[in-house]
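# Reading the structure
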Amino acid sequence: MRKLLKLLLALLVACLLMVAFRSLVISIYLVDGNGLEPEFQEGDRVLVNRWSYGLRTGGLGLFQYGRLCRQTVSRGDIVAYENPLSGRHGEVLFGRVCALPGDTVMYKGQMLIAPSLADCADADYYWIKALNVQNPVDSRQLGFISEQCIIGRVFCVAYSLDPDQSLFLSLRRHRLFVKK
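Here we summarise the structure given alongside this text. Keep in mind it's a predicted model, so treat the numbers as computed, not measured.

In this structure, strand 6 (residues 92-99) lies alongside strand 9 (residues 125-129), joined through three bridges in antiparallel fashion. Note that in strand 9 the partner of V97 across the bridge is I128. Pairing geometry for strand 9 and strand 10 (residues 145-146), over two bridges, is antiparallel. When the bridges of strand 10 are listed, Y125 appears paired with S146.

Rendered as C-alpha coordinates:
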(Lines give C-alpha, C1' and ligand atoms only; values in the text may rest on other atoms or scores of the structure.)
Protein backbone atom coordinates (compact mmCIF):
# COMPACT_ATOMS: atom_id res chain seq x y z
CA MET A 1 0.00 0.00 0.00
CA ARG A 2 2.84 2.36 0.88
CA LYS A 3 4.55 1.72 -2.47
CA LEU A 4 1.32 2.50 -4.30
CA LEU A 5 0.99 5.82 -2.45
CA LYS A 6 4.59 6.71 -3.27
CA LEU A 7 3.98 5.88 -6.93
CA LEU A 8 0.80 7.98 -7.03
CA LEU A 9 2.56 10.89 -5.33
CA ALA A 10 5.43 10.68 -7.81
CA LEU A 11 2.98 10.66 -10.73
CA LEU A 12 1.10 13.64 -9.29
CA VAL A 13 4.31 15.65 -8.84
CA ALA A 14 5.43 14.74 -12.38
CA CYS A 15 2.07 15.89 -13.80
CA LEU A 16 2.20 19.16 -11.87
CA LEU A 17 5.75 19.85 -13.06
CA MET A 18 4.74 19.11 -16.64
CA VAL A 19 1.75 21.46 -16.46
CA ALA A 20 3.89 24.20 -14.88
CA PHE A 21 6.57 23.76 -17.55
CA ARG A 22 4.04 23.87 -20.40
CA SER A 23 2.24 26.92 -19.07
CA LEU A 24 5.27 28.92 -17.92
CA VAL A 25 8.24 27.95 -20.08
CA ILE A 26 7.46 26.32 -23.44
CA SER A 27 4.18 25.78 -25.26
CA ILE A 28 3.57 23.72 -28.36
CA TYR A 29 1.08 24.77 -31.04
CA LEU A 30 -0.22 23.00 -34.13
CA VAL A 31 0.01 24.83 -37.45
CA ASP A 32 -3.40 24.27 -39.00
CA GLY A 33 -3.75 25.22 -42.65
CA ASN A 34 -1.26 26.74 -45.06
CA GLY A 35 -1.50 30.39 -44.03
CA LEU A 36 2.04 30.37 -42.59
CA GLU A 37 3.85 28.94 -45.61
CA PRO A 38 6.69 28.93 -46.56
CA GLU A 39 8.02 29.34 -43.00
CA PHE A 40 5.71 26.67 -41.53
CA GLN A 41 3.74 23.84 -43.11
CA GLU A 42 0.40 22.39 -42.17
CA GLY A 43 1.00 19.72 -39.55
CA ASP A 44 4.03 21.41 -37.95
CA ARG A 45 4.14 21.47 -34.16
CA VAL A 46 6.00 24.65 -33.22
CA LEU A 47 7.61 25.38 -29.87
CA VAL A 48 7.08 28.83 -28.36
CA ASN A 49 9.42 30.13 -25.68
CA ARG A 50 7.11 31.85 -23.19
CA TRP A 51 10.13 33.30 -21.32
CA SER A 52 11.66 34.95 -24.41
CA TYR A 53 10.24 38.37 -23.48
CA GLY A 54 9.78 37.72 -19.78
CA LEU A 55 7.18 35.82 -17.80
CA ARG A 56 3.74 37.37 -18.22
CA THR A 57 2.11 38.23 -14.91
CA GLY A 58 -1.39 39.28 -14.13
CA GLY A 59 -4.54 37.50 -14.92
CA LEU A 60 -8.04 36.80 -13.74
CA GLY A 61 -8.24 40.47 -12.80
CA LEU A 62 -6.23 39.87 -9.63
CA PHE A 63 -2.93 41.46 -10.64
CA GLN A 64 -1.92 44.18 -13.04
CA TYR A 65 -0.25 43.03 -16.27
CA GLY A 66 3.54 42.97 -16.25
CA ARG A 67 6.53 40.85 -17.23
CA LEU A 68 9.15 39.44 -14.90
CA CYS A 69 12.71 39.54 -16.30
CA ARG A 70 11.44 41.63 -19.21
CA GLN A 71 13.27 41.39 -22.53
CA THR A 72 12.59 43.53 -25.57
CA VAL A 73 10.81 42.22 -28.63
CA SER A 74 13.05 42.57 -31.69
CA ARG A 75 12.15 43.48 -35.23
CA GLY A 76 12.08 40.31 -37.34
CA ASP A 77 11.11 37.95 -34.50
CA ILE A 78 8.45 35.37 -35.33
CA VAL A 79 5.99 35.48 -32.44
CA ALA A 80 2.88 33.69 -31.26
CA TYR A 81 0.20 36.08 -30.08
CA GLU A 82 -3.42 35.96 -29.00
CA ASN A 83 -5.92 37.51 -31.37
CA PRO A 84 -6.93 40.69 -29.51
CA LEU A 85 -10.44 40.49 -30.98
CA SER A 86 -11.13 36.99 -29.62
CA GLY A 87 -10.41 37.81 -25.98
CA ARG A 88 -8.02 36.27 -23.49
CA HIS A 89 -6.92 32.69 -24.23
CA GLY A 90 -8.57 32.81 -27.62
CA GLU A 91 -7.20 32.15 -31.07
CA VAL A 92 -3.40 32.00 -31.33
CA LEU A 93 -1.84 33.61 -34.40
CA PHE A 94 1.73 33.71 -35.70
CA GLY A 95 3.51 36.58 -37.38
CA ARG A 96 6.75 38.51 -37.86
CA VAL A 97 7.32 41.69 -35.85
CA CYS A 98 7.79 44.50 -38.37
CA ALA A 99 7.48 47.67 -36.29
CA LEU A 100 8.39 48.38 -32.70
CA PRO A 101 7.05 50.98 -30.26
CA GLY A 102 8.22 54.36 -31.51
CA ASP A 103 8.11 53.46 -35.21
CA THR A 104 5.78 55.18 -37.65
CA VAL A 105 3.84 52.84 -39.88
CA MET A 106 2.25 53.96 -43.14
CA TYR A 107 0.40 51.50 -45.33
CA LYS A 108 -0.40 52.44 -48.91
CA GLY A 109 -0.13 49.31 -51.01
CA GLN A 110 3.17 48.47 -49.35
CA MET A 111 4.20 49.01 -45.76
CA LEU A 112 6.71 51.75 -44.95
CA ILE A 113 8.29 51.88 -41.51
CA ALA A 114 10.11 54.97 -40.28
CA PRO A 115 12.03 54.11 -37.09
CA SER A 116 12.06 56.32 -34.02
CA LEU A 117 9.55 58.99 -34.94
CA ALA A 118 7.42 60.24 -32.08
CA ASP A 119 4.01 60.48 -33.77
CA CYS A 120 3.20 56.81 -34.00
CA ALA A 121 2.65 53.60 -32.06
CA ASP A 122 2.17 53.92 -28.34
CA ALA A 123 4.59 52.20 -25.99
CA ASP A 124 4.24 48.44 -25.81
CA TYR A 125 2.41 48.08 -29.13
CA TYR A 126 3.79 46.26 -32.16
CA TRP A 127 2.99 45.95 -35.86
CA ILE A 128 2.94 42.24 -36.71
CA LYS A 129 2.71 41.03 -40.29
CA ALA A 130 1.49 37.60 -41.36
CA LEU A 131 4.14 35.25 -42.71
CA ASN A 132 2.11 34.52 -45.84
CA VAL A 133 0.78 37.53 -47.76
CA GLN A 134 -2.41 35.60 -48.54
CA ASN A 135 -3.06 35.17 -44.79
CA PRO A 136 -5.57 37.93 -44.02
CA VAL A 137 -5.15 38.12 -40.23
CA ASP A 138 -2.38 40.43 -39.06
CA SER A 139 -1.91 44.07 -38.04
CA ARG A 140 -3.44 45.26 -41.31
CA GLN A 141 -6.79 44.02 -39.95
CA LEU A 142 -6.16 43.98 -36.19
CA GLY A 143 -4.16 47.20 -35.83
CA PHE A 144 -1.29 47.45 -33.40
CA ILE A 145 -0.83 44.38 -31.19
CA SER A 146 -0.37 44.99 -27.48
CA GLU A 147 2.60 43.39 -25.73
CA GLN A 148 0.02 41.76 -23.44
CA CYS A 149 -1.14 39.63 -26.38
CA ILE A 150 2.34 38.37 -27.26
CA ILE A 151 2.82 34.87 -25.86
CA GLY A 152 6.43 34.37 -26.89
CA ARG A 153 8.95 33.80 -29.66
CA VAL A 154 8.62 30.80 -31.97
CA PHE A 155 12.03 29.12 -31.90
CA CYS A 156 11.65 25.65 -33.36
CA VAL A 157 9.52 23.18 -35.27
CA ALA A 158 9.50 20.23 -32.86
CA TYR A 159 8.08 17.78 -35.37
CA SER A 160 5.75 17.69 -38.31
CA LEU A 161 3.08 15.23 -39.40
CA ASP A 162 1.78 15.17 -42.94
CA PRO A 163 -2.04 15.33 -42.69
CA ASP A 164 -2.42 13.51 -46.02
CA GLN A 165 -0.59 10.37 -44.85
CA SER A 166 -1.48 7.61 -42.41
CA LEU A 167 -0.27 8.01 -38.84
CA PHE A 168 2.74 5.70 -39.21
CA LEU A 169 3.93 7.24 -42.48
CA SER A 170 3.14 10.86 -41.68
CA LEU A 171 6.30 11.93 -39.78
CA ARG A 172 8.32 14.41 -41.83
CA ARG A 173 11.86 13.59 -40.71
CA HIS A 174 13.37 16.59 -42.51
CA ARG A 175 11.21 18.90 -40.29
CA LEU A 176 12.41 17.54 -36.91
CA PHE A 177 13.73 20.33 -34.65
CA VAL A 178 14.09 22.89 -37.43
CA LYS A 179 15.21 26.17 -35.82
CA LYS A 180 13.56 29.45 -36.77
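From this point, the narrative continues.
Quick look at a negative patch on the surface now. Residues D32, E37, E42 and D164 make up a contiguous surface patch of negative charge. Looking at the secondary structure, you find D32 in the loop between strand 1 (26-30) and strand 2 (44-49).

Before going further, it helps to examine the packing of aromatic side chains. This structure, assessed with the given rule, holds three aromatic pairs. With a centroid separation of 6.2 Å and an interplanar angle of 75°, the aromatic rings of Y29 and F94 are classed as edge-to-face. Here the residue Y29 occupies a position in strand 1, and F94 occupies one in strand 6, the gap between them amounting to 65 residues. In terms of burial, Y29 and F94 fall into one category: buried. A centroid spacing of 5.5 Å and a plane angle of 75° characterise the contact between W127 and F144, whose relative ring orientation is edge-to-face. Pair noted here: W127 is in strand 9 and F144 is in the loop between helix 2 (139-142) and strand 10, with a separation of 17 residues, a long-range link. Judged by relative accessible area, W127 falls into the buried class, the value being 10%. Relative accessible area serves as the criterion here: at 32%, F144 is assigned to the partly exposed category.

Rules used in this analysis
- Residues numbered from 1 in each chain as written.
- Predicted model: local features only at pLDDT ≥ 70, side-chain atom pairs only at ≥ 80, totals over all residues.
- Heavy atoms only, no water.
- Pairing = 2+ DSSP bridges.
- Helix = DSSP H or I, 4+ residues; strand = E, 2+ residues; numbered from the N terminus.
- Patch = residues over 30% accessible without salt bridge, like charges linked within 9 Å, V, L, I, M, F, W, Y side chains within 5 Å.
- Areas by Shrake-Rupley, 256 points an atom, 1.4 Å probe, with all protein chains shown as cover.
- Salt bridge = Lys/Arg side-chain N within 4 Å of Asp/Glu carboxyl O.
- Lys, Arg positive; Asp, Glu negative; His and termini not counted.
- Charge placed at Lys NZ, Arg CZ, Asp CG, Glu CD.
- Phe/Tyr/Trp six-rings, centres within 6.5 Å; stacked < 30°, edge-to-face > 60°.
- Buried < 20%, exposed > 50% of the residue type's maximum accessible area, 1.4 Å probe, protein only.

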